[in-house]
Amino acid sequence: VTITALDSEFRLAKEFLSRIESIAPVYIVPGNHDVYTYRALKKQTFYSYFPNKELQTHRIAFQKLTPNWWLVLLDCSCFNGWCAANGEVTDSQIVALEQFLASLPSLEHVIVANHYPLSPTTRPAHDLLNYAPLKSLLMNSPSVRMYLHGHDHHVEIDHLPPLVVNSGSLTLPSNARFHIIDLYPEGEYRISTASLTNLTETDSPLKISIEETSISL
């Protein structure tokens with residue numbers, strides 16, 4: 001939610017998300033920019049503004065969205081040098097997620113949210129370290145229906161099992177996009193990709209257009 005993990009940036013993000021939180025629940029995970037400096041990582045500045053004791057302590061949190069849908073939050077942020085932007089999956093996160101998935105009734109469904117992409121890219125210094133056990137677990141868990149991530153600033157939907165959904169960047173004027181996801185009790189979903197067409201026109205209401213809709217089979 002920040003660029004360089006400054007308190008002024010966190011305060012601005014908190015103010016913005018508080019407006020959304022007044023009308024709908026908000027769930028948030030930190031990314032590489034939120035631990036941009038060693039000080040921000042050590043002081044856990046992100047959690048000072050967006051408290052989540054379970055996520056801060058265990059790097060994983062479980063939130064029931066509806067009677068049939070769960071959201072699993074992963075904090076894979078770690079300290080990087082100036083030329084890297086990696087995240088890292090820990091063994092304890094894998095164990096906790098594996099135990100949670102094994103305990104679920106067959107009629108309940110899961111969305112996993114993490115800032116970092118699930119698969120490696122052409123930029124190793126930008127990837128999720130130790131991704132393989134996480135990817136294997138999710139691909140072999142029928143209850144996991146979606147993996148949501150950001151990090152790469154473009155919208156993308158990859159039809160792996162699970163469906164991998166890249167949110168893109170809501171604040172990038174040249175490519176301001178986001179997803180609207182409708183969830184249904186039987187595990188089906190509908191994803192609509194929306195764009196903001198006048199993000200830089202600060203004196204005008206935002207114009208939102210729906211570009212594409214995907215429906216699960």
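Residues numbered from 1 in each chain as written. Predicted model: local features only at pLDDT ≥ 70, side-chain atom pairs only at ≥ 80, totals over all residues. Heavy atoms only, no water.

> What's the story with the overall build of the chain in this structure? I'm lost.
Within the chain one finds six helices and eleven strands. When its C-alpha atoms are laid out on the principal axes, the chain stretches across 50 × 40 × 35 Å. The buried share of the chain, reckoned over its 217 residues, is 42%. Taking contacts inside the chain between residues at least 6 apart in sequence as the whole, the part at least 24 apart equals 55%. (Helix = DSSP H or I, 4+ residues; strand = E, 2+ residues; numbered from the N terminus. Buried < 20%, exposed > 50% of the residue type's maximum accessible area, 1.4 Å probe, protein only. Contact = heavy atoms within 4.5 Å.)

> How do you make sense of the nonpolar core when you look at a structure like this?
Generally speaking, soluble globular proteins have nonpolar side chains that are buried together. Phe50, Leu73 and Met146 are the most contacted members of the largest nonpolar core, which totals 23 residues. Elements supplying a minimum of two residues to this core: helix H1 (7-21), helix H3 (45-49), strand E2 (69-74), strand E4 (109-113), strand E8 (163-167) and strand E10 (189-196). In terms of nonpolar packing, the next biggest core, distinct from the first, is built from 22 residues, Val89, Val110, Tyr116 and Tyr147 among them. (Core = buried A, V, L, I, M, F, W, Y, C linked by side-chain atoms within 4.5 Å.)

> Which parts of the structure should I look at to understand the packing of aromatic side chains?
Geometry of an aromatic ring pair is reported as the spacing of the ring centres plus the angle between the planes. On inspection of all chains with the given rule, the structure shows eight aromatic pairs. Centre to centre, the rings of Phe46 and Phe50 are 5.4 Å apart; their planes meet at 40°, and the pair counts as tilted. When sorted by exposure, Phe46 lands in the same class as Phe50, which is buried. One aromatic cluster in this structure is built from Phe10, Phe46, Tyr47, Tyr49 and Phe50. (Phe/Tyr/Trp six-rings, centres within 6.5 Å; stacked < 30°, edge-to-face > 60°.)

> Looking at this model, I keep getting lost on the layout of surface pockets. Mind explaining?
One water molecule sets the probe size; rolling that probe over the atoms shows where empty space is left. Volume-wise, the second largest pocket comes out at about 270 Å³. In terms of lining, the second largest pocket is formed by 18 residues, of which the most central are Val26, Tyr27, Ile28, Pro51 and Asn52. The leading source of residues in the lining of the second largest pocket is H1, at four residues. Here the lining of the second largest pocket is built from residues that sort into twelve nonpolar, three polar and three charged. (1 Å grid on protein atoms, 1.4 Å probe; cavity = no way out; pocket = protein on both sides within 12 Å on 5 of 7 lines; lining within 4 Å. Points joined across faces, edges and corners; volume = space filled by probe spheres on them. Nonpolar A, V, L, I, M, F, W, Y, C, P; charged D, E, K, R; others polar.)

> Looking at this structure, I do not really get helix H6 (residues 131-139). What am I missing?
Helical geometry: 3.6 residues make up each α-helical turn, so side chains three or four residues apart lie on a common side. For H6, the full list of buried residues reads Leu134, Lys135, Leu137 and Leu138. Seen along its axis, H6 keeps its buried residues to an arc of 165°; they face one direction. (Arc of directions from axis to C-beta.)

> Just to check I follow, could you spell out the environment of Glu15 for this structure?
Its location among the elements puts Glu15 in helix H1. For the pair formed by Glu15 and Phe62, sequence separation is 47 residues and the distance between their alpha carbons is 25 Å. Polar side-chain contacts of Glu15 include one of 3.2 Å to the side chain of Arg19. (Polar contact = N/O pair within 3.5 Å; in protein donor to acceptor, adjacent residues only side chain to side chain.)

> What is the right way to read the sheet that holds E8 from this model?
Sheet strands pair via backbone hydrogen bonds, and the direction of the pair is either parallel or antiparallel. The sheet built from six strands is open, its strands ordered E1-E2-E4-E6-E8-E7 with mixed pairing. Taken across any chain shown, the strands that pair with only one partner, and hence form the sheet edges, are strand E1 (60-64) and strand E7 (155-158). On average, each strand axis in the sheet is inclined to that of its neighbour by 15°, with strand direction left out of account. Where E7 and E8 come together, four bridges link them in antiparallel fashion. Its bridge partner being in E8, Asp158 is matched across the sheet by Val164. This element, helix H5 (residues 91-103), spans E1, E2, E4 and strand E6 (144-149) of the sheet and lies at about 25° to E1. (Pairing = 2+ DSSP bridges. Axes fitted to C-alpha atoms, helices over the stretch in contact; angles between N-to-C directions.)

> How should the pattern of salt bridges be read in this particular structure?
Close approach of charged atoms allows side chains of opposite charge to pair. Considering all chains together, one arrives at six salt bridges under this definition. Residues Asp75 and Arg59 are paired through a salt bridge, measuring 3.6 Å at the closest nitrogen-oxygen approach. Taken together, the residues Asp75 in the loop between E2 and strand E3 (87-88) and Arg59 in the loop between helix H4 (53-58) and E1 connect sequence positions 16 residues apart. Classification of Arg59 as partly exposed rests on a relative accessible area of 23%. (Salt bridge = Lys/Arg side-chain N within 4 Å of Asp/Glu carboxyl O.)

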